[in-house]
Amino acid sequence: MDEKPKEEELLKFINELAYSNEPADRTITTRFSKFKKHIRETHPEYNDDFLKKVAPPRELTLKVIETNKEKRNGKKLVEFDQNMVDKLYSWKDDESPLKRMAFLQFVSGRRVSETFDNEIGTNPRKNDKMIKMKLDKKSGDDKDKFFTFELIKDAPITNKEWRKMMVDTRKALVGVDKGVYSQRLNKILKRDLRDDISSHDLRSMYGVYRFNKENDEKQNLTGYIAKILNHGDTSDSGIAYSNFSFVEK
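In what follows, the accompanying structure is described. Everything numeric in this text was worked out from a predicted model, so none of it was measured.

### What to know about the nonpolar core
Piece 1. Formed by 49 residues in total, the largest nonpolar core has its most connected members in Tyr89, Phe106, Val107, Ile157, Trp162, Tyr181 and Met205.
Piece 2. The leading source of residues in this core is helix H6 (residues 97-108), at seven residues.
Piece 3. Aside from chain neighbours lying at most four places away, what touches Tyr181 is Leu98, Met101, Val112, Thr115, Phe116, Leu173 and Val176.
Piece 4. The next biggest cluster of nonpolar side chains, apart from the first, holds 12 residues, and it includes Ile14, Ile28, Tyr46 and Val54.

Okay, here's the thing in C-alpha cells:
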C-alpha cells in the first residue's frame, strides 16, 4: 500500500482477507489484530477512529473469549514442587545430553526449538544470570534481534556456564533431527521426571516457579510471565500458563 487507499475500500479489503478460506473464529480475530498492528505501524496517517473499525464483530470477539475461558477452565491443574525442581537441577551433571538439555531449558524458560539450535549472543557483563539469544515466533525487525532473559536466580549455573554447557551439549547431539530430539526429550521427561510432564511444560514451570520465588513487585501472573518469557507488550499468552501451580511442601 504505497498510496493511502480510501478508508471504505481498505475496510472492505481487510474484511475479505480476514474471512478468506473459511477460518476458525479465533483465526479471524487474530487476523484483524495483525492488520490493525500493521496499519498502525506503517500508516500513521490513519487515525484512531478508523483503527477502531478494523475489528471483528463484537459478538465474535465475545464468543472467542468465552471459548478460551472454557478451554482454560477445562485444563487439569498441574502441580509441581521443590523436589521436582531440585531433580531437574541435578540433571546439570548427568551423563545424558538429553537430561542436560532439559536442565538448560528449564532454568532458562526457552522453547525446545530455541535451545536446540537458536543463535546465542554475548553474555551481558553486569548480570551473571542474563542471557542474550535469538528467539522464535518473532517477525519483522525482531526476527534477527537478540533478546535478553534471565536464568532462574537459585539455579546452580551462571550465564557463562549456561552458554558453554549449551554449546558443548549441542555438539553431543549433532546429527540428531530436531523432531527426533523433541520426541526423545519428551520420553526422558515422562520416564524419569513425571509421566504428565512434556518439554513445553518446562517453560511453564520456569515461569510459574519464578513468579512464586522472584516476583518482588507482586505483579499478576499473566503480566509477570509475559515479561519473563519475552511475549509482546499486548500479549495475553501468559494466561496459557495459569494451569500450573508451584506447591510449597
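### Side note on the layout of surface pockets
Piece 1. Taken as a whole, the second largest pocket encloses approximately 240 Å³ of empty space.
Piece 2. Among the elements of the structure, strand E3 (146-150), helix H10 (199-214) and helix H11 (221-228) are those that each provide at least two residues to the lining of the second largest pocket.
Piece 3. Residue composition of the lining of the second largest pocket, by class: four nonpolar, four polar and seven charged.

### What to know about the pattern of salt bridges
Piece 1. Under the criterion given, the structure shown has 13 salt bridges.
Piece 2. For Lys37, the salt bridge is made with Glu41, and the minimal N-O distance between the two is 2.9 Å. Highlighted residues: Lys37 and Glu41, both in helix H2 (residues 25-42), separated by four residues, approximately one helical turn.
Piece 3. Of the residues examined, Lys37 reaches a relative accessible area of 48% and is grouped as partly exposed.
Piece 4. With a shortest N-O distance of 2.9 Å, Arg191 and Asp192 are connected by a salt bridge.

### Quick look at unusual backbone geometry
Piece 1. You will see that Glu22, though not glycine, has its phi angle at about 50°, which is positive.
Piece 2. Inspection of the secondary structure puts Glu22 in the loop between helix H1 (7-18) and H2.
Piece 3. Assessed through its relative accessible area of 79%, Glu22 is described here as exposed.
Piece 4. A positive phi angle, near 55°, is found at Lys218, a position not held by glycine.
Piece 5. Position of Lys218 among the secondary structure elements: in the loop between H10 and H11.
Piece 6. A relative accessible area of 71% means that Lys218 is categorised as exposed.

Rules and cut-offs
Residues numbered from 1 in each chain as written. Predicted model: local features only at pLDDT ≥ 70, side-chain atom pairs only at ≥ 80, totals over all residues. Heavy atoms only, no water. Core = buried A, V, L, I, M, F, W, Y, C linked by side-chain atoms within 4.5 Å. Buried < 20%, exposed > 50% of the residue type's maximum accessible area, 1.4 Å probe, protein only. Helix = DSSP H or I, 4+ residues; strand = E, 2+ residues; numbered from the N terminus. Contact = heavy atoms within 4.5 Å. 1 Å grid on protein atoms, 1.4 Å probe; cavity = no way out; pocket = protein on both sides within 12 Å on 5 of 7 lines; lining within 4 Å. Points joined across faces, edges and corners; volume = space filled by probe spheres on them. Nonpolar A, V, L, I, M, F, W, Y, C, P; charged D, E, K, R; others polar. Salt bridge = Lys/Arg side-chain N within 4 Å of Asp/Glu carboxyl O.

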